[in-house]
Amino acid sequence: MDAINVDINHLKKGEVSLGTSIMAVTFKDGVILGADSRTTTGTYIANRVTDKLTQIQDKIWCCRSGSAADTQAVADIVKYHLQMYKANNNGKSPSTKIAASIFQELCYNNKDNLSAGIICAGYDEKNGGEVYTIPLGGSLHQHEYAISGSGSVFIYGYCKKNYKPNMTKDETVNFIKTSLSQAIKWDGSSGGVIRMIVLTKSGIERLLFLPDEYVNA
Amino acid sequence: MNHDPFHWGRPSDATYGPYNHQIAHASNVNPMARQQQQSDFPTMHTQRPMMTGTSVLAIKYQDGIVIAADNMGSYGSLMKLDNVERLLKVGQSTIVGISGDLSDLQAIQRILNDLEIDEAYDAGDDEDTIAAGLKANHVHEYLTRILYNRRSKMDPLWNACVVAGFDDEGKSFLKYVDLLGVAFASPTLATGFGAHLAIPLLRQRVDSEADVKNLTKADAIQLIKDCMKVLFYRDARSLDKYSMAVLSESDHKVEFHKNVKVEDMKWGFAKGIKGYGMPQL
């Protein structure tokens, strides 16, 4: 006799976790990248203190969302290519655009096998802060600011209304903190701490905000 | 005599005719309106849970029970509501903690409310004695019957419940029942994620009924608080705000704590974690 199987512990139909809230914002002095720190397998939080902000070059970083394995693999390959570029060009640092372009080439040509949503952001003297977003299909888009990940859907309105070009560093940090705080509040697949990387002429600064600090932002 | 197992227990086909499968579709609805087609199975409404609540935890201590459930109502991965009360008070001193589908939680709420009203007819006028005859073991048995019969109709109430209170003899009563009609008792109970993460922690202190007398009220409360903290760390559908009820065996009183926050969380160590493999800034 045909049996009816009901698995009460299974993921609900259509539930796929791109679990993350990430964003990168250009401002007066450069660019700031921000991310939450939650990695989920289904509804289990496998890592509650993940670092989703990855260094590709000195002042070129990326925010990773989607499959952790895919994004790590792609980031490692891009890092390798940029190291070769630097070595073959007399120590000249590649521009952010070049890094984003390599990301795009990898994500587009392997689109069938990858599940990676990446925001590539960097600072150089000539162009200032730049943000490039490479969503799932492998297209490349440059913006003044970009948001991505499952939690980003809840803050499209907020970010559109509250982003201003050429903000100060403090204004930008608060903008990212408040935006990600809301994304974390509404998205079950985002949470933990908020990590930020500030890229300016002066250097690279790492920031960390614990739940008590951002929950009422 | 027909020895074929598929014919055991049935009157013989020769005398009574073949089994009438329409028995499974029997109803008072107008038979002229042919809504369903013929099928081997009864009408099924097995659904998917839509708005859901996560774990419920409970533990017996020397003088009663502590039970807790958070205030989150999730809609898939959207953390839609943060003010859902999932611990229901039934009668004088019974608490039913419900996880799973929230619309079915409210259906159970209506069912238990009707039960309370029915019980109240036999009580006095003093508010303290209304439905005083309704004990936790009665509530649990009633709920089990309802849940099991619904599952047998392939139309379950998609929940997992923990009933905490006192039985006819006034002793602590703690029992589980879920959408399949599965029911069991233990000094430590939890549903959902709690079953995986909290039960081992609770069992470290209370491994069997014999350990219950060694657990004080303060320790039981702290233990439940620690479990709620761990669940907030690791369950992606949990909230850091919850309700907790403390039931005492000596006076059959219920202390209901609302809006309890998860405290003493460790997040500072995240500062030292950079990258995922090779060293970076």
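Residues numbered from 1 in each chain as written. Chains lettered and ligands numbered in written order. Predicted model: local features only at pLDDT ≥ 70, side-chain atom pairs only at ≥ 80, totals over all residues. Heavy atoms only, no water.

The name that an unreviewed UniProt entry assigns to chain B is Proteasome subunit beta, with the source organism given as Ambrosiozyma monospora. Recorded under Function (unreviewed entry), the UniProt text for chain B is reproduced unchanged: "Non-catalytic component of the proteasome." (UniProt positions renumbered as here; feature names shortened; annotations may be inferred.)

Brief notes about empty space enclosed by the protein
All told, the structure shown has two cavities of 30 Å³ or more when counted by the stated rule. By volume, the largest cavity is sized at about 60 Å³. For the largest cavity, the full set of lining residues is Thr 54, Gln 55, Ala 75, Asp 76 and Lys 79 of chain A together with Gly 275, Tyr 276, Gly 277, Met 278 and Gln 280 of chain B. Ranked by the residues each element gives to the lining of the largest cavity, the list is headed by helix α1 (residues 68-88) of chain A, at three residues. For the lining of the largest cavity, a count of residues per class yields three nonpolar, five polar and two charged. Roughly 50 Å³ of internal volume is contained in the second largest cavity. (1 Å grid on protein atoms, 1.4 Å probe; cavity = no way out; pocket = protein on both sides within 12 Å on 5 of 7 lines; lining within 4 Å. Points joined across faces, edges and corners; volume = space filled by probe spheres on them. Helix = DSSP H or I, 4+ residues; strand = E, 2+ residues; numbered from the N terminus. Nonpolar A, V, L, I, M, F, W, Y, C, P; charged D, E, K, R; others polar.)

Topic: the interface of chain A and chain B
Often, the extent of an interface is quoted as the loss of accessible area on bringing the components together. Contact residues are listed per partner, giving 40 residues for chain A and 34 residues for chain B. Surface buried jointly by chain A and chain B totals about 3400 Å² across both partners, of which 63% is contributed by carbon and sulfur atoms. At the boundary of chain A and chain B, one finds one salt bridge. With a shortest N-O distance of 4.0 Å, Asp 82 of chain B and Lys 185 of chain A are connected by a salt bridge. The interface formed by chain A and chain B includes 11 residue pairs in polar contact (both at pLDDT 80 or more). Going through the elements one at a time, β4 (44-47), β5 (53-57), β6 (60-66), α1, α4 (169-186) and β12 (203-209) of chain A are the ones with two or more residues in the side of chain A that touches chain B. Broken down by element, the residue count for the side of chain A that touches chain B peaks at four residues, all from β4 of chain A. (Contact = heavy atoms within 4.5 Å. Buried area = accessible area lost by both parts, 1.4 Å probe. Salt bridge = Lys/Arg side-chain N within 4 Å of Asp/Glu carboxyl O. Polar contact = N/O pair within 3.5 Å; in protein donor to acceptor, adjacent residues only side chain to side chain.)

Here we look at the side chain of Gln 57 of chain A
Checked against the element boundaries, Gln 57 of chain A lands in strand β5. Not counting the four nearest positions on each side in its chain, Gln 57 of chain A is found in contact with Leu 82, Gln 83, Lys 86 and Pro 94 of chain A.

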